[in-house]
Amino acid sequence: MKNLKAQRSPQKHTLALAILLLVANITFAQKYTLLIKGGHVVDPANGIDAVMDVAVAGGNVAKVAANISESEAEKVIDAKGLYVTPGFIDTHTHVFVGSQAGLFANGVNSVSPDDFTFRAGVTTVVDAGTSGWKSFPLFKKQVIDQSKTRIFAFLNIAGEGMTGGTWEQNVDDMNADSTAKVITENPNVIVGVKIGHYNGKDWAPFDRAVSAASKSKKPLFVECHLPEYSLEDQLSKMRPGDMITHSFENIKERMPIIGEDGKVRPFVLDAKKRGILFDLGHGGAGFWFDQAVPASKQGFYPNSFGTDLHRFSMNSAMKDMSNVMSKFMALGMTFQQAVQTATWNPARAIGHEELGNLKAGNAADITVLRIREGEFGFMDSAGNGIAGNKKLETEMTIRAGKIVWDLNGLGAKK
């Protein structure tokens with residue numbers, strides 16, 4: 001009996017070794033943590049518009065190619081019939097959320113980004129000057145460092161940021177050197193300088209904002225709410241690469257881009273040719289069809305889809321990024337143009353070309369979309385509506401290689 005056990009022992013060891021080698025080979029073969037299989041990839045930055053697979057390793061894009069083997073991946077997402085794009089970038093948000101009633105800076109008028117970004121396919125946001133050079137450290141500690149959403153910021157030339165009332169009218173609090181200093185201390189987070197919400201005729205706030213942007217070698221972001229500055233004068237002071245938002249608004253405080261002849265004003269077209277970037281800035285009052293419809297017919301589209309996300313806009317006509325993109329598709333944009341406006345254009349505008357594309361080695365920020373077909377309605381800030389036959393719906397959002405939104409359980413265990 002002892003001899004029989006002795007004879008079987010080598011066989012057991014051989015079998016166990018074979019199993020271990022098999023497991024090791026399978027584990028070794030699974031070099032991707034995630035594989036998005038069979039989706040139609042639209043990546044304007046890299047000229048991709050075809051059915052392909054996207055492989056993710058850890059937090060980065062590993063490979064974009066046709067027919068990547070499922071055996072190489074730990075988890076496979078079946079994306080047949082869906083579209084796969086880089087994660088969307090929202091260039092105009094207000095996310096310095098806090099406890100202050102009635103305020104944007106450290107207040108309840110701002111919103112917590114993770115609550116609203118991923119469900120709309122957004123992986124990166126830029127806060128539009130809600131904080132200034134004095135309040136940015138609190139914004140960074142309280143929101144930026146705590147969020148899964150990647151957050152950049154335009155730094156307000158007003159020291160305390162968007163605190164309303166007399167605070168944003170205090171020219172003495174608008175210091176170009178202090179603003180530039182905070183930017184140079186946070187070069188990977190702050191992407192530019194913001195000017196807005198000033199009611200005076202003195203050009204010092206605008207000039208100081210330009211100076212701070214020049215000192216820090218960053219773009220200027222110009223919001224409206226500058227009623228004493230003409231649109232033409234604002235654009236004339238801006239430099240190539242600077243951004244102006246609320247491009248399609250029609251309110252008393254700023255001349256609209258469409259003239260009385262129904263055409264885009266010549267000085268607006270000249271500014272665009274000169275390299276000024278026009279951001280959407282939809283918000284609660286910043287988007288009007290009487291501007292967007294004729295502008296779109298003339299081929300004048302926004303460079304980026306800043307939604308102006310805040311407490312009020314998300315429950316009004318704006319809703320979210322995917323709705324804004326669908327709205328512009330109803331106005332004549334192709335899906336491919338809409339994707340570029342939501343990804344590669346803003347990545348370049350804020351100086352972060354490692355984003356907005358699916359190049360191997362870059363962060364795996366990915367959006368999986370469905371294009372629904374049917375009868376849909378879209379609204380502007382004045383309550384006017386238009387009809388469209390396509391609407392984007394975010395099925396899945398992946399941030400740094402991890403699934404952070406899954407509408408219909410594409411990533412659920414089967």
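Source: prediction; values computed, not measured.

Participant: Could you clarify how one ought to interpret the sheet that holds strand 10 (residues 190-195) in this entry?
Facilitator: Paired through backbone hydrogen bonds, the strands of a sheet run either parallel or antiparallel to each other. What the seven strands build is an open sheet, ordered 6-8-9-10-11-12-13; its pairing is parallel. At either end of the open sheet lies a strand with only one pairing partner, and these are strand 6 (88-93) and strand 13 (277-278). The pairing of strand 12 (residues 243-244) with strand 13 spans two bridges and is parallel. Of the residues in strand 13, the one forming a bridge with M243 is L277.

Participant: How should the layout of surface pockets be read in this particular structure?
Facilitator: Empty space among the atoms becomes visible once a probe the size of a water molecule is rolled across them. Its boundaries defined by the atoms lining it, the largest pocket holds a volume of some 340 Å³. In this structure, the largest pocket is lined by 25 residues; those nearest its centre are R119, A120, D320, M321 and S322. By volume, the second largest pocket amounts to about 200 Å³. E223, H225, H246, D308 and H310 are, among the 15 residues lining the second largest pocket, the residues nearest its centre. The residue makeup of the lining of the second largest pocket, split by class, is five nonpolar, seven polar and three charged.

Participant: Help me out: how do you make sense of the packing of aromatic side chains in this one?
Facilitator: A ring pair, where both rings are aromatic, is described by two values, the distance of the centres and the angle of the planes. Counted under the stated rule, the structure contains 15 aromatic pairs. Between F96 and F139, the aromatic rings sit 4.9 Å apart at their centres with planes inclined by 40°, giving tilted as the arrangement. Note that F96 is positioned in the loop between strand 6 and strand 7 (97-100) and F139 in helix 2 (residues 136-142), a separation of 43 residues in sequence. Given a relative accessible area of 0%, F139 falls into the buried group. A centroid spacing of 5.4 Å and a plane angle of 45° characterise the contact between F305 and F328, whose relative ring orientation is tilted.

Participant: Teacher, can you tell me more about the side chain of T307 here?
Facilitator: You can see T307 is positioned in the loop between helix 7 (289-297) and helix 8 (321-330). Judged by relative accessible area, which is 2%, T307 ranks as buried. Ignoring sequence-local partners within four residues, the contact set of T307 consists of D90, H92, H282, G283, M318, D320, M321 and V324.

Cut-offs used in this document
Residues numbered from 1 in each chain as written. Predicted model: local features only at pLDDT ≥ 70, side-chain atom pairs only at ≥ 80, totals over all residues. Heavy atoms only, no water. Pairing = 2+ DSSP bridges. Helix = DSSP H or I, 4+ residues; strand = E, 2+ residues; numbered from the N terminus. 1 Å grid on protein atoms, 1.4 Å probe; cavity = no way out; pocket = protein on both sides within 12 Å on 5 of 7 lines; lining within 4 Å. Points joined across faces, edges and corners; volume = space filled by probe spheres on them. Nonpolar A, V, L, I, M, F, W, Y, C, P; charged D, E, K, R; others polar. Phe/Tyr/Trp six-rings, centres within 6.5 Å; stacked < 30°, edge-to-face > 60°. Buried < 20%, exposed > 50% of the residue type's maximum accessible area, 1.4 Å probe, protein only. Contact = heavy atoms within 4.5 Å.

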